[in-house]
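# Fold and contact review
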Amino acid sequence: MDENEKKGTSSKTLSVRGSGSSVRMNLSHGRSKSVLIETKRKKILKPNKNILSSNQNLKTLTKDNTDLDPKSQPNKSYSEEQIDRRKKAIEAAREEENKKKEVDRKIAEKALLEKEEVSKKSEKENLAVQKVLDVAQPIEESTQKNRSKIENKFESKSSDTSSGKKFKKDDELKEVRPSKGYSERRRSGKLTINQALSDQGGRQRSIASLRRRQEKVKRRQISDSAEREKVKREVPVPDSITVQELANRMAERSASVVKTLMTNGIMATQNQTIDADTAILIVEEFDHIPIRVSASDVEDAILKHDEKDAAENMKPRAPILTVMGHVDHGKTSLLDAIRKTNTTGNEAGGITQHIGAYQVKTEKGSLFTFLDTPGHSAFTSMRSRGAQVTDIIILVVAADDGVMPQTIEAINHARAAKVPIIVAINKCDKENSDPNRVRTDLLKHEVIVESMSGEVLDVEVSASTGKGVETLLENITLQTEILELKANPNREAEGTVIEAKLDVGRGPVATVLVQKGTLNKGDIIVVGDQWGKVRALIDSQNVKVSQVGPSVPVEVLGLNGTPEAGDILNVVSNETEAREIANYRNQVIKDKKDALGTGKTLDQMIAKAKEDEEISELPLVVKADVQGSTEAIVQALNKISTEEVRITVLHSGVGAITESDVILAEASKAPIIGFNVRANASARDGANQKEVELRYYSIIYDLVDDIKKAASGLLKPEIKETILGYAEILEVFKVTNAGKVAGCLITEGNAKRSAKVRLLRDNVVIHEGSLKTLKRFKDEVETVQSGQECGMAFSDYEDIRKKDVIEIFSVQKIARTLN
């Protein structure tokens, strides 16, 4: 026994000790280990302190209310306003207390449910422990029996040793080992705490996890009880937007947005695009504020500068004067007399074909800005632009010619622009001049001058002698003082493009008339669909300047392309804004061009193709030196077009004729028109190889006349028919190798072998053709006179009968011209 005690064996049975239970496990080599199974007691939730504190507060509040109640204090007097205010406070406190009670009640109910769950969990754990104990009891009993056998063997061993018998411990141990089933259970694995506490040995939730779950439930109950305030957002709505993007901007679930769309009868997924009206409807249904935005919002950077300038920032500026009138009435000569220059000597054909902008300083120190406009009928757009930017129109009328069509057009432009007119009656030094006739002709167009009791100033001048020029300048100064012209120089510049061209050495050059603000070198500008940075400013005296103010014409260099004449120049803050605005305007222009060929049905396209078959087309490629000339030429060519001949300008541009222009002209079989420009070397070589016609012009009269002649050649000639005579068929003969021959009598006029004939039967045309033969007796003749008999045979026709009538006529083609 002492030896067994030294080896650690014991005959004590398994028992539950303390708050838990212990199990002794047998290990290899006779070792054993006691495992304590502890059941952890769950924490019992106590009533919420907030409930107790709220009850105490309620009691205190009730007590205070009792103290505040005027009935309980008869000695104190309160006003009705105080009593109402205190009653409202008591009611608010009670409502708040009721809310707190409701929240505490929900929390207590939740805690009670959790407590029941914990108790059920504890019962499961106790059952698991009991199962472990039930399994361990038979094992312990079997082990105890085996130990007793071993002890008996060892006792007999000690007695046998003295008698010389050997005893092997291992052999004895083999005999007393447990049964096979016990051995397998022993080898199956160690008993762990998790196996003892669970039915299946799975992992259970920890106490900390249960606590976290309880806290989460409490927070959820509190958040559910409190009313969540709806957040209204300002949602920008563009022209089109996807459902997912709209949901993101509203901070709503995309599934909710799709559901709302379906409710409104729109089947759309989150990746599909909806229009602005639908998006606004959805935003309003979600109680948000829709804000309509558009692609044109990029121009807000320009519009924000269009605010009205303050009166204290306005300063006097020079007047802008536009010289207008009929061609060859001396407009440029009068301007030369004022500027003391000789511009007319450098003009092709002696006429102005470009709009010019100049600033003149008089001897008295006054500054005037003059715009010289062409007088030819093709330059209507130039005159219109000049009238839109001017302050005063100087109407030049020749005293020896009177009021002409372009004079009337200038008067109409002035009325449309609502600007005053000063009439300059020029060429008064000529012998046949009659200024009074000019004044009388102006009356027909409701222009009444001062000399005829009107309000329009008039001056008799002579550009060649200088007569009346000073008087004209004085009248301009007087009219300027009446208008009180002012502008704000301390702001971003804004102006209008008077003319634009593509210079070989300098690139795109725009002549701009600044109307507001100050334009500085280095400014970022947007001009129509072009943008750039101002690299240089050159004034009318061809001098580089660093900045220009209002009413100053200047050439601007630095644009990325040639703008259109009449475009507005604006200054923006950075290149990004300028690029976005230019790209947006380019897209708008492109969309307009694309829209011209859309929206037609197949039937309409077929009908259009049939119409085009009957119309002769003259394609052209036009290149000019400046944008205004290009515009005028295209407009003049479009006026030439008729119902039978159409002038189509495939491409028009500014600058020299390039190789790409030659390729376009060769593909469409069109001539290239160059107005004051020439083709470069590669373009000339390409035109010679591909046989493309190049035509150069410097006067717009010659250009228009040549195009008219070319278009006239496409007109179908006029057919003129002349009746030569009539013949009656007396008899029909059948001749071998000749077919049927009609024996005829010329009843009227004469018959010619080369003439055309018609076969009439009962005054109905049966056949129209030509004669195969005309014989007099047996001879072939060219002409048969009236009253004579002859034989006629028709080409490719033999259905002739007796008493048919033959009509002989001639056809003459007459060339037509365009009016």
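Presented here is an overview of the structure given in this document. Predicted model only: the values in this text are computed from it and were never measured.

## Thoughts on the overall build of the protein
Summing up its helical and strand segments, the protein has 22 helices and 36 strands in all. Within the protein, the fraction of its 819 residues that count as buried is 38%. Across the protein, contacts joining residues at least 24 apart in sequence account for 69% of those joining residues at least 6 apart. Of the roughly 49400 Å² of accessible surface on the protein, 48% is carried by carbon and sulfur atoms.

## A closer look at the sheet that holds strand β24 (residues 616–624)
Read across the open sheet, the 4 strands follow the order β25-β24-β26-β27; overall the sheet is parallel. Two strands close off the open sheet at either side, each with one partner strand: β25 (645–654) and β27 (694–697). Pairs of neighbouring strands in the sheet enclose a mean axial angle of 25°, with direction left out of account. Two strands pair when backbone bridges link them, and β24 and strand β26 (residues 672–675) are joined in this way by 4 bridges, in the parallel orientation. Bridge assignment links K623 to a residue of β26, and that residue is G674.

## With respect to the packing of helix α8 (residues 243–250) against helix α9 (residues 254–263)
The interhelical angle for the contact between α8 and α9, taken along N-to-C directions, is 115°, at an axis separation of 9 Å. Relative to α9, the crossing made by α8 is right-handed. Along its contact with α8, which presents V243, Q244, A247 and M250, the element α9 presents S254, V257, V258 and L261. A class-by-class count of the residues in the contact of α8 with α9 yields 6 nonpolar, 2 polar and no charged.

## Here's the deal with the pairing of strand β28 (residues 718–735)
Note that β28 and strand β36 (residues 805–814) share 10 bridges and pair antiparallel. Looking at the pairing, E728 lines up with V805 of β36. Where β28 meets strand β29 (residues 739–749), 10 bridges bridge the pair, whose relative direction is antiparallel. Residue pairing for β29: A727 is matched across the bridge by I746. The turn linking β28 back onto β29 is made up of 3 residues, and N737 within it adopts a positive phi angle of 65°.

## As for the nonpolar core
Residues L321, L334, I338, F370, I394, L472 and I476 are the most contacted members of the largest nonpolar core, which totals 22 residues. Breaking this core down by element, the ones donating at least two residues are β8 (320–325), α12 (331–339), β9 (356–361), β10 (367–372), β11 (392–398), β12 (421–426), β13 (457–460) and α16 (469–483). In terms of residue count, α16 provides more of this core than any other element does, 4 residues in total. Within the second largest apolar cluster, 21 residues are counted, among which are A399, I411, V419 and V456.

## Focus: the state of the cysteines
By the definition in use, this model includes 0 disulfides. Free of any disulfide, C744 has its nearest cysteine sulfur in C790, 5.3 Å distant.

## Let's talk about the pattern of salt bridges
In a structure, side chains of opposite charge can pair up when their charged atoms sit close to one another. As enumerated under the stated definition, the model contains 28 salt bridges in all. One salt bridge in this structure joins R105 and E102, with 2.5 Å as the shortest N-O distance. Of the two residues, R105 and E102 both sit in helix α3 (residues 80–162), 3 residues apart, roughly one turn of that helix. Among the salt bridges present, the one from D391 reaches R317, with a minimum N-O distance of 2.8 Å. With D391 in the loop between α13 (380–389) and β11 and R317 in the loop between β7 (315–316) and β8, the pair connects residues that are 74 residues apart, well separated along the chain. Three or more residues are tied together by salt bridges with common partners; here these are E721, R758, E768 and E807.

## Topic: the sheet that holds β8
The strands making up a sheet associate through hydrogen bonds between their backbones, and the pairing can be parallel or antiparallel. Within the open sheet, the 6 strands sit side by side as β9-β10-β8-β11-β12-β13. Their pairing is mixed. Only two strands of the sheet have a single neighbouring strand rather than two, namely β9 and β13. Within this sheet the neighbouring strands show an average axis-to-axis angle of 25°, counted without direction. The pairing of β12 with β13 spans 4 bridges and is parallel. Considered in β13, the bridge of A424 is made with V459. Its contacts with the sheet put α12 on β8, β9, β10, β11 and β12, and the angle it makes with β10 is roughly 155°.

## Digging into a nonpolar patch on the surface
Residues L443, I448 and M452 make up a contiguous nonpolar surface patch of roughly 220 Å² in combined accessible area. Inspection of the secondary structure puts L443 in helix α15 (residues 435–443). The exposure class of L443 is partly exposed, given its relative accessible area of 35%.

## Some points on the pairing of β8
Across the 6 residues that make up β8, a large majority, 6, are buried. In this sheet, β10 lies alongside β8 in parallel orientation, the contact comprising 4 bridges. The residue of β10 that forms the bridge with L321 is F370. Bridge count for β8 against β11 is 5 bridges, and the pairing is parallel. Note on β11: the bridge partner recorded for G325 is V396.

## Quick notes on a positive patch on the surface
Together, K110, K216, R219 and R220 line one region of the surface with positive charge. Tallying contributions element by element places helix α7 (residues 207–225) first for the positive patch, with 3 residues. Residue classification places K216 among the partly exposed positions, given a relative accessible area of 46%.

## Quick word on the packing of α12 against α16
The contact between α12 and α16 brings their axes to 10 Å, and the two run at 85°. As summarised for this structure, α12 and α16 are arranged roughly perpendicular, according to the angle between their axes. Every residue of α16 that contacts α12 at L334, A337 and I338 is listed here: V469, L472 and L473.

## A few points about the side chain of T511
For T511, the position within the fold is in strand β16 (residues 507–516). Once residues within four sequence positions are removed from consideration, T511 is found in contact with A357, T496, V497, I498, E499, V554 and E555.

## Side note on the environment of D796
Assignment of secondary structure puts D796 in the loop between β35 (789–794) and β36. C-alpha of D796 to C-alpha of G769: the two residues are 27 residues apart in sequence and 8.7 Å apart in space.

## Some points on α8
Among all positions of α8, only V243, L246, A247 and M250 are buried. All buried residues of α8 lie within an arc of 100° about the axis, which places them on one face of the element. Tucked into the core, α8 has its buried residues touching β3 (234–237), β4 (240–242), α9, β5 (273–275) and α10 (276–285). Count one or two residues on from α8 and you reach A251, which has phi positive near 60°.

Thresholds applied
- Residues numbered from 1 in each chain as written.
- Predicted model: local features only at pLDDT ≥ 70, side-chain atom pairs only at ≥ 80, totals over all residues.
- Heavy atoms only, no water.
- Helix = DSSP H or I, 4+ residues; strand = E, 2+ residues; numbered from the N terminus.
- Buried < 20%, exposed > 50% of the residue type's maximum accessible area, 1.4 Å probe, protein only.
- Contact = heavy atoms within 4.5 Å.
- Areas by Shrake-Rupley, 256 points an atom, 1.4 Å probe, with all protein chains shown as cover.
- Pairing = 2+ DSSP bridges.
- Axes fitted to C-alpha atoms, helices over the stretch in contact; angles between N-to-C directions.
- Left-handed = near helix turned anticlockwise from the far one by under 90°.
- Nonpolar A, V, L, I, M, F, W, Y, C, P; charged D, E, K, R; others polar.
- Core = buried A, V, L, I, M, F, W, Y, C linked by side-chain atoms within 4.5 Å.
- Disulfide = S-S within 2.5 Å.
- Salt bridge = Lys/Arg side-chain N within 4 Å of Asp/Glu carboxyl O.
- Patch = residues over 30% accessible without salt bridge, like charges linked within 9 Å, V, L, I, M, F, W, Y side chains within 5 Å.
- Lys, Arg positive; Asp, Glu negative; His and termini not counted.
- Charge placed at Lys NZ, Arg CZ, Asp CG, Glu CD.
- Parallel < 35°, antiparallel > 145°, perpendicular 65-115°, else oblique.
- Arc of directions from axis to C-beta.

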